[in-house]
Amino acid sequence: MLFSFAGAQPVVLRSTGIHKAFQLSIYPGADGKGAFVQYLGQHGFIPLKLKSRVAKGGVSKVVYVWDEVIDGKATGSYGLSMEAGSSSTAWYKRNKDNKIFKLETATNRNITTTLDKYLLHGTLISFSHSTNKPLLFSYPDGSSKLKQLPDFDQPDPLRMGTIADYNFDGYDDVAFSIPDAGMGVYRIFSIYLYHPSSKRFEALNDPDHPKASCAGLCDVTLNQKNKLLYTSCRGGANWWKDVYRYSDHNTLIWLKSEKLN
């Protein structure tokens, strides 16, 4: 699974070394997934399909490469190096003539948003990594849906975003997690599943089985091969894991609990 830790502002870039300069903003998404680009002076968004993500020097430097996708076709590619949360180098390659444009970090005083944004299945998803709770889904047909994310109960709040196929249907979903209200040793997830039939995101109901060791969706991990969802939490001196599978109606069915230590 891919996590987005912080970086609520887009990476603002401008071209260098050409007569007719241009400026753009890249939202890197959740470690590269759900990314998109918007050019200065244009209202539309261009989705970016992640080609590669390479971490260098541990997690201090990450290099992304995306395909620019317009009307279902790859018309170019972008490269972006991020180090300590800031961009270091960037470029754009135009497919029609293989021309490469060098990009540098630009300052845009008009960008004052504290929101992070993902573009997933044509839907613009806006949220905050900090204490703001609103979560907005802006759909391709012009409609929108406002949700509320859980409050923090930690002195140093940090909301993470995750993009993964949580229900194993072949479509990526989106999730947000915050530290647990106790010791802060695991994270509580809010998962929104994408439904291709309605083209909408809907919240996954928390599991509520009397034999489960963990309440709700804690430290969620996925077993893609066996189509199982795991939750884990700490209770007293022990760590526990609950194992779930999905019903035909996207309801989590508890299978068993395991003591991890």
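Residue positions are given per chain, counted from 1 along the sequence in the order it is written. With pLDDT at 70 or above as the cut-off, local features in this predicted model cover only qualifying residues; side-chain atom pairs require 80 or more to be listed or tallied, and sums for whole chains, interfaces and linings still use all residues. To get the side-chain values, all heavy atoms of the structure are used, and hydrogens and water are removed first.

### Comments concerning the pairing of strand β7 (residues 73-83)
Using the following cut-off: The pairing criterion is simple: DSSP has to find at least two bridges between the two strands. In this description a helix means any DSSP run of H or I spanning at least four residues, a strand means any run of E spanning at least two, and both kinds are numbered starting from the N terminus.
Examined bridge by bridge, strand β6 (residues 61-70) and β7 share 10 bridges and lie antiparallel to one another. Bridge assignment links W66 to a residue of β7, and that residue is Y78.

### Details of the packing of aromatic side chains
Heads up, the condition is: Within 6.5 Å between ring centres, the rings of Phe, Tyr and Trp (the latter by its six-membered ring) count as paired, and their orientation is classed by plane angle as stacked under 30 degrees, edge-to-face over 60, tilted in between. Type-normalised accessible area, obtained with a 1.4 Å probe on protein chains alone, sets the label of each residue: buried when under 20%, exposed when over 50%, and partly exposed for intermediate values.
The full count for this structure, using the stated rule, is 17 aromatic pairs. For the ring pair Y64 and W66, a centre distance of 5.2 Å and an interplane angle of 10 degrees mean the geometry is stacked. With a relative accessible area of 0%, W66 lands in the buried category. Geometrically, the ring pair formed by Y186 and W239 is edge-to-face, given 6.3 Å between the ring centres and 75 degrees between the ring planes.

### Overview of the sheet that holds strand β21 (residues 252-259)
Note the threshold: Under this scheme, a helix contributes an axis fitted over its contacting stretch, all axes are lines through C-alpha atoms, and angles between N-to-C directions fall in the 0 to 180 degree range.
Reading across the sheet, the 4 strands line up as β18-β19-β20-β21 and stay open at both edges, with antiparallel pairing between neighbours. Each edge of the open sheet carries a strand with a single partner, namely β18 (221-223) and β21. Sheet twist, expressed as the average angle between the axes of neighbouring strands with direction ignored, equals 30 degrees.

### Quick notes on the state of the cysteines
To be explicit about the condition: The term disulfide is used for any two cysteine sulfur atoms that are within 2.5 Å.
Taken as a whole, this structure holds 1 disulfide when the rule is applied. Disulfide partner of C214: C233, at an S-S distance of 2.1 Å. Linking C214 and C233, the disulfide has an S-S dihedral of approximately -95 degrees and is accordingly described as left-handed. One end of the pair, C214, is in the loop between β17 (200-203) and β18; the other, C233, is in strand β19 (residues 228-235), and 19 residues separate them in sequence. Assigned by exposure class, C214 and C233 land together as buried. There is no disulfide at C218, and the cysteine sulfur nearest it, in C214, is 5.0 Å away.

### Considerations on the nonpolar core
Put simply, the test is: By nonpolar core we mean a set of buried residues, namely Ala, Val, Leu, Ile, Met, Phe, Trp, Tyr and Cys, connected to one another through side-chain atoms within 4.5 Å. Between two residues, a contact is recorded if the distance between any of their heavy atoms is within 4.5 Å.
If you look at the biggest cluster of nonpolar residues, it comprises 19 residues, and the most contacted ones within it are L24, I26, V37, W66 and Y78. Of all the secondary-structure elements, those providing two or more residues to this core are β2 (11-15), β3 (23-27), β4 (36-39), β5 (46-56), β6, β7, β8 (86-94) and β9 (99-105). Residues within four places of W66 in sequence aside, it is in contact with I26, P28, G32, A35, L48, K49, L50, K51, G76, S77, Y78 and L80. Counting 17 residues, the second largest nonpolar core, distinct from the first, contains F168, L217, L229 and Y246.

### A short note on the pairing of β6
Of all the 10 residues making up β6, 7 are buried; the element is thus mostly covered by neighbouring parts of the structure. In terms of strand pairing, β5 meets β6 through 8 bridges, oriented antiparallel. When the bridges of β6 are listed, A55 appears paired with V62. Joining the antiparallel neighbours β6 and β7 is a turn of 2 residues, in which D71 adopts a positive phi near 55 degrees.

### Structural notes on the pattern of salt bridges
Pairs can form between side chains of opposite charge once their charged atoms are near each other. So the rule is basically this: Each reported salt bridge corresponds to a side-chain nitrogen of Lys or Arg within 4 Å of a carboxyl oxygen of Asp or Glu.
According to the stated counting rule, one finds 9 salt bridges in the structure shown. In this structure, E258 and K256 form a salt bridge, with 3.0 Å as the shortest nitrogen-oxygen distance. Since its relative accessible area comes to 25%, E258 is described here as partly exposed. Where salt bridges share partners, they join K241, K256 and E258 into one cluster.

### Some remarks on the environment of L119
Tracing the chain through its elements places L119 in strand β10 (residues 116-120). Those residues within four positions of L119 in sequence are excluded, and the remaining contacts are G34, A35, F36, F45, I46, P47 and L124.

### Looking at the side chain of D172
Worth spelling out the cut-off: Two N or O atoms form a polar contact when they lie within 3.5 Å of each other; inside protein one atom must be a possible hydrogen donor and the other a possible acceptor, and for residues adjacent in sequence the pair counts only when both atoms belong to side chains.
Mapped onto the elements of the fold, D172 is located in the loop between β14 (160-164) and β15 (173-179). For D172, the side chain forms a polar contact with the side chain of K33, separated by 2.7 Å. Not counting residues within four places of it along the chain, the set of residues in contact with D172 comprises K33, L120, H121, I163, A164, D165, Y194 and F201.

### Re the confidence of the model for the chain
If pLDDT is low for a region, its predicted coordinates should not be looked at in detail. Counted only if it meets this: Values of pLDDT, the confidence the predictor places in each residue, fall between 0 and 100.
Per-chain confidence: the chain averages 89 in pLDDT, with 89% of residues scoring 70 or above. Per-element averaging of pLDDT across the chain places strand β1 (residues 2-4) at the bottom with 48 and β17 at the top with 98. This stretch, residues 2-6, has a pLDDT under 50; its non-local contacts, to residues over four places away or in other chains, come to 29 contacts.

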